[in-house]
Amino acid sequence: MLLILWGVLIQFTIPIDNGDALKNAEADSQRTLYPYVTGTSIVAIKYKDGVLMASDMGGSYGSTLRYKNIERVKAIGKHSLLGASGEISDFQEILRYLDELVLNDNMWDDGNSLGPKEVHNYLTRVMYNRRNKFNPLWNTLVLGGVKNGEIYLGMVSMIGVSFEDNHVATGFGNHLARPILRDEWRADLSFEDGVKLLEKCMRVLLYRDRSAINKLQIAKITEEGVTVSQPYSLKTFWEFQAFHNPTAGAQGSW
Amino acid sequence: MSSIGTGYDLSVTTFSPDGRVFQIEYAAKAVDNSGTVVGIKCKDGIVMGVEKLIASKMMLPRSNRRIHSVHRHAGMAVAGLAADGRQIVARAKSEARSYESVYGDAVPVKELSERVASYVHLCTLYWWLRPFGCGVILGGYDKDGPQLYMIEPSGISYRYFGAAIGKGKQAAKTEIEKLKLSEMTCKEGVIEVAKIIYKLHDEAKDKAFELEMSWICEDSKREHQKVPDDLLEEAKTAAKTALEEMDAD
């Protein structure tokens, strides 16, 4: 009887049951098969006062650099920063879930607030459960934050692999940035040194990752709160001898 | 004005010969028996206050919240049966969330009050449900500025400058009418609401009470939150002083 009442006031979306999502062609259109608009690497490190996270502002549509003003690092609640690479629409959906989570947490009004560890755990559960249904959110997420003096940095991938570390990177950053970080990261990095280290990684990515663009933001989270920098560009150097006369070794078109 | 509706008061689906639905009126009586709830719309926001009658000395202060946030920009103060109130608050939260999910924007306060009123009214239409035994004061801040609505167990919802429900509602309304609300800021409003609640609290009938207050104004960044502790203490002191001055006369 209550169903009749609820039906009067709430519109239900009628679930379309097309059967087995794995085999049925119609059901295929309801699960994520490929990413469409993607963001490239995120690089993040712990430093003396908190966490620094760097990302560029590009959204690629395949090999086209279609969107150049996408913020891929967002503040979550009072204590966390979330950076995402991969499908941008899935990132936006995750932000909606987290917005609801933070709102419900705030409405208790009991002096408590969600910390980075809790948000990371929530994201891990969401990503893993979606993967188990063969309908992943096509993102690799980086979650950093500070609560009660504890600095936290972790990562979740689209298959639900989740871990914490002193420095993390997604996508190409894993291959190009992490070796640099393994050599040069220290626990007592100052803010300036941390930014320099991140810029070093981002510059390598800019040279070598074709979906990177030269417009980046660096976000900082400390006990005091979140600051996201204005977008800026890195200086690059292209005056190598080999670039001066690129066809010197092979004249003509063939 | 109590009339016995013998025979016509057994079900909410029965009208009396003089056109009244007694069950709804009885539900309103449940609200009248609870501690007073006051809400005012000031120049720059809304202030709500609740006279929480303390049932037992063993209760922890600040527990048993009567004012709840319904969304970032709106809050509800409940008078009457607390469990019924919880249902209404849960429904309001759900409506606000669903509106934002569908329309991408915070629910306008008018829309929210209509949805809540519609839900309260729903429970007065079927014999297998009983009306809610609680009245609600809904305060919010949207694009049209601060707004205050009151929803009664009958499902009626009106917009107010100042509203009161519960035991001392008549006395509270008289006091509110004396205030110049259009010139008052919320900071001043907090002190005035505290004074009103302290004034109409009947020491003889109900011994102890706890004052709970919330506001939505520019100072709270247009978000519904508890009145900050220092301002609340200031309001309580001012209210107690005003009472003493009155008693001294």
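As recorded in an unreviewed UniProt entry, chain B goes by the name Proteasome subunit alpha type, listed as coming from Brassica napus. As its UniProt record puts it under Function (unreviewed entry), chain B is described as follows: "The proteasome is a multicatalytic proteinase complex which is characterized by its ability to cleave peptides with Arg, Phe, Tyr, Leu, and Glu adjacent to the leaving group at neutral or slightly basic pH."

You'll find chain A entered in an unreviewed UniProt entry as Proteasome subunit beta, with Brassica napus given as the organism. The heading Function (unreviewed entry) in the UniProt record of chain A holds the text "Non-catalytic component of the proteasome."

Caption draft 1: Seen up close, the pattern of salt bridges. All names here are of chain B. In this structure the tally under the stated criterion is 30 salt bridges over all chains. Taking the shortest distance from any N to any O, the salt bridge between R62 and D229 comes out at 3.3 Å. In this pair, R62 sits in the loop between strand 2 (45-53) and strand 3 (67-71) while D229 sits in helix 6 (residues 229-248), placing the two residues 167 residues apart along the sequence. According to the relative accessible area criterion, D229 is partly exposed, its value standing at 42%.

Caption draft 2: Layout of a nonpolar patch on the surface. Together, A:Y207, A:F237, A:W238, A:F240 and A:F243 give the surface a local cluster of nonpolar side chains, amounting to about 530 Å² of exposed area. Turning to its location among the elements, A:Y207 is positioned in helix 7 (residues 191-208).

Caption draft 3: Layout of the UniProt feature "domain: Proteasome alpha-type subunits" (unreviewed entry) in chain B. With numbering aligned to this structure, UniProt lists the feature "domain: Proteasome alpha-type subunits" (unreviewed entry) at residues 8-30 of chain B. End-to-end, the C-alpha atoms of residues 8-30 of chain B are 19 Å apart, and along that stretch the chain is 39% helix and 0% strand.

Caption draft 4: Molecular detail of the environment of B:D142. Residues and elements named next belong to chain B. Within the element layout of this structure, D142 appears in strand 5 (residues 134-142). Look past the residues within four positions of D142 in its chain and what remains in contact with it is P108, V109 and Q147. A polar atom in the side chain of D142 sits 2.7 Å from the backbone nitrogen of D144.

Caption draft 5: Structural view of the side chain of A:K147. Residues and elements named next belong to chain A. Inspection of the secondary structure assignment puts K147 in strand 8 (residues 139-147). E118 is the oppositely charged side chain nearest to the buried, salt-bridge-free K147, at an N-O distance of 4.2 Å. The contact partners of K147, leaving out residues within four places of it in the chain, are H79, N112, S113, L114, G115, P116, E118 and E223.

Caption draft 6: Spotlight on the nonpolar core. Residues and elements named next belong to chain B. With 28 residues, the main nonpolar core has V38, V47, V190, L211, M213 and W215 as its most contacted residues. When contributions to this core are tallied by element, the ones reaching two or more residues are strand 1 (37-42), helix 4 (169-178), helix 5 (186-200), strand 9 (209-217) and helix 6. Tallying contributions element by element places helix 5 first for this core, with eight residues. Beyond its immediate chain neighbours, meaning those up to four positions away, V47 contacts V38, G39, I40, C42, C186, G189, V190, V193, M213, S214 and W215. Core analysis: the next-biggest nonpolar cluster, separate from the first, contains 24 residues, I88, A92, L112 and V120 among them.

Caption draft 7: The interface of chain A and chain B, seen in detail. In this complex, chain A contributes 13 residues to the contact, which on the side of chain B involves 17 residues. Taken together, the two surfaces of chain A and chain B that pack against each other cover about 1,400 Å², and 57% of this comes from carbon and sulfur. Residues B:K226 and A:D109 are paired through a salt bridge, measuring 3.9 Å at the closest nitrogen-oxygen approach. The set of elements that each furnish at least two residues to the side of chain A that touches chain B consists of helix 1 (2-9) and helix 3 (88-107) of chain A. If you tally residues by element for the side of chain A that touches chain B, the top one is helix 3 of chain A, at six residues.

Caption draft 8: Main features of the sheet that holds strand 3 (residues 50-56) of chain A. Residue and element names in this part refer to chain A. The strand order 11-2-3-12-13 describes an open sheet built from five strands, whose pairing is antiparallel. Either end of the sheet is taken by a strand with one partner, and the two such strands are strand 11 (167-169) and strand 13 (225-228). For this sheet, the mean angle separating the axes of adjacent strands, direction not counted, is 10°. Note that strand 12 (residues 216-222) and strand 13 share four bridges and pair antiparallel. Bridged to T222 within strand 13 is G225. The strands touched by helix 7 are strand 2 (42-46), strand 3 and strand 12; relative to strand 3, the strand with the most contacts, the crossing angle is about 25°.

Caption draft 9: Main features of the sheet that holds strand 10 (residues 225-226) of chain B. Residues and elements named next belong to chain B. Pairing within the open sheet is antiparallel, and its five strands lie in the order 8-1-2-9-10. Looking at which strands have only one partner, the edges of the open sheet turn out to be strand 8 (162-165) and strand 10. Where strand 1 meets strand 2, six bridges bridge the pair, whose relative direction is antiparallel. Bridge pairing in strand 2 places V37 opposite V50. Against the sheet, helix 4 makes contact with strand 1 and strand 8, and its axis sits at roughly 165° relative to strand 8, the strand it touches most.

Caption draft 10: How the structure looks around the pairing of strand 5 of chain B. Residue and element names in this part refer to chain B. Strand 5 sits mainly inside the fold: nine of its nine residues count as buried. Of the two faces of strand 5, both are covered, the one formed by C134, V136, L138, G140 and D142 as well as the one formed by G135, I137, G139 and Y141. Note that strand 4 (residues 74-80) and strand 5 share seven bridges and pair antiparallel. Its bridge partner lying in strand 5, G80 is registered against C134. Counting the residues that bridge the hairpin from strand 5 to strand 6 (residues 145-151) gives two residues.

Quick notes on the rules
Residues numbered from 1 in each chain as written. Chains lettered and ligands numbered in written order. Predicted model: local features only at pLDDT ≥ 70, side-chain atom pairs only at ≥ 80, totals over all residues. Heavy atoms only, no water. UniProt positions renumbered as here; feature names shortened; annotations may be inferred. Salt bridge = Lys/Arg side-chain N within 4 Å of Asp/Glu carboxyl O. Helix = DSSP H or I, 4+ residues; strand = E, 2+ residues; numbered from the N terminus. Buried < 20%, exposed > 50% of the residue type's maximum accessible area, 1.4 Å probe, protein only. Patch = residues over 30% accessible without salt bridge, like charges linked within 9 Å, V, L, I, M, F, W, Y side chains within 5 Å. Areas by Shrake-Rupley, 256 points an atom, 1.4 Å probe, with all protein chains shown as cover. Contact = heavy atoms within 4.5 Å. Polar contact = N/O pair within 3.5 Å; in protein donor to acceptor, adjacent residues only side chain to side chain. Lys, Arg positive; Asp, Glu negative; His and termini not counted. Core = buried A, V, L, I, M, F, W, Y, C linked by side-chain atoms within 4.5 Å. Buried area = accessible area lost by both parts, 1.4 Å probe. Pairing = 2+ DSSP bridges. Axes fitted to C-alpha atoms, helices over the stretch in contact; angles between N-to-C directions.

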